[in-house]
Amino acid sequence: GCKFDAERVQRVLEGALAGALGTTVYSPQGSAPLAQSLAELLRSQAKEVVPPRYKLVCHVLLGQRGQQSLLVASRALWDPESDSFAAATFSNTSLFAVATVHGVYFE
């Protein structure tokens, strides 16, 4: 109950991405505000299943679905005993999204 449950947070992210994006069509002008609102939504929903001593950092990447490939990586300085992360992806015929939530234990 006191640790960051990455699997549970991943399920929350997957459900929230699917619910929020569904059949959304990619728009270059609308992608920035959409990514920001998704990050806020994902952080608030993840916060409901993460113990209160964790600070959350949410990162959302949106792009137009095409023939490109993409590699997303991150690095962080943390305590592997208490800190963790969860990531989820979503795609439809028009766009893709990659969401990552880092949970850092705050003493």
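Residues numbered from 1 in each chain as written. Predicted model: local features only at pLDDT ≥ 70, side-chain atom pairs only at ≥ 80, totals over all residues. Heavy atoms only, no water.

Looking at an unreviewed UniProt entry, the chain carries the name Tctex1 domain-containing protein 1, with the source organism given as Charadrius vociferus. According to the UniProt record, the Sequence similarities (unreviewed entry) comment for the chain is "Belongs to the dynein light chain Tctex-type family." (UniProt positions renumbered as here; feature names shortened; annotations may be inferred.)

*Asks:* Looking at this model, I keep getting lost on the overall build of the chain. Mind explaining?
*Replies:* In terms of regular secondary structure, the chain is built from two helices and three strands. Computed over the C-alpha atoms, the radius of gyration of the chain is 14 Å, within 12% of the 13 Å expected from 2.2 N^0.38 for a compact globule of 107 residues. Looking at the chain as a whole, 36% of its 107 residues are labelled buried. Taking contacts inside the chain between residues at least 6 apart in sequence as the whole, the part at least 24 apart equals 74%. (Helix = DSSP H or I, 4+ residues; strand = E, 2+ residues; numbered from the N terminus. Rg over C-alpha atoms; globule rule 2.2 N^0.38 Å. Buried < 20%, exposed > 50% of the residue type's maximum accessible area, 1.4 Å probe, protein only. Contact = heavy atoms within 4.5 Å.)

*Asks:* How should I be thinking about helix H2 (residues 31-47) in this particular structure?
*Replies:* Three- or four-residue spacings in an α-helix give side chains the same orientation, since the helix completes a turn every 3.6 residues. Helix length check: H2 (17 residues) gives 24 Å between terminal C-alpha atoms against 24 Å at 1.5 Å per residue, within 8%. Those residues of H2 not exposed but buried are Ser31, Ala35, Leu38, Ala39, Leu42 and Ala46. The buried residues of H2 occupy an angular sector of 105 degrees when the element is viewed end-on, so they sit on one face. What points out from H2, more than 90 degrees from its buried face, is the exposed set Gln36 and Lys47. Packing partners of the buried residues in H2 comprise helix H1 (6-21), strand E1 (54-64) and strand E3 (95-105). (Expected span 1.5 Å × (residues − 1). Arc of directions from axis to C-beta.)

*Asks:* What should I look at first to understand the packing of aromatic side chains in this one?
*Replies:* We describe a pair of aromatic rings using the distance from one ring centre to the other and the angle between the two ring planes. For the structure on display, the rule yields three aromatic pairs. A ring pair is formed by Phe4 and Tyr54, whose centres lie 5.9 Å apart and whose planes are at 55 degrees; its orientation type is tilted. Of the two residues, Phe4 is situated in the segment before H1 and Tyr54 in strand E1; the sequence distance between them amounts to 50 residues. Across the pair, exposure class does not vary: Phe4 and Tyr54 are buried alike. Between Tyr54 and Tyr105 the ring centres are 5.4 Å apart and the planes differ by 75 degrees, which places this aromatic pair in the edge-to-face class. In this pair, Tyr54 is assigned in strand E1 and Tyr105 in strand E3, connecting sequence segments 51 residues apart. (Phe/Tyr/Trp six-rings, centres within 6.5 Å; stacked < 30°, edge-to-face > 60°.)

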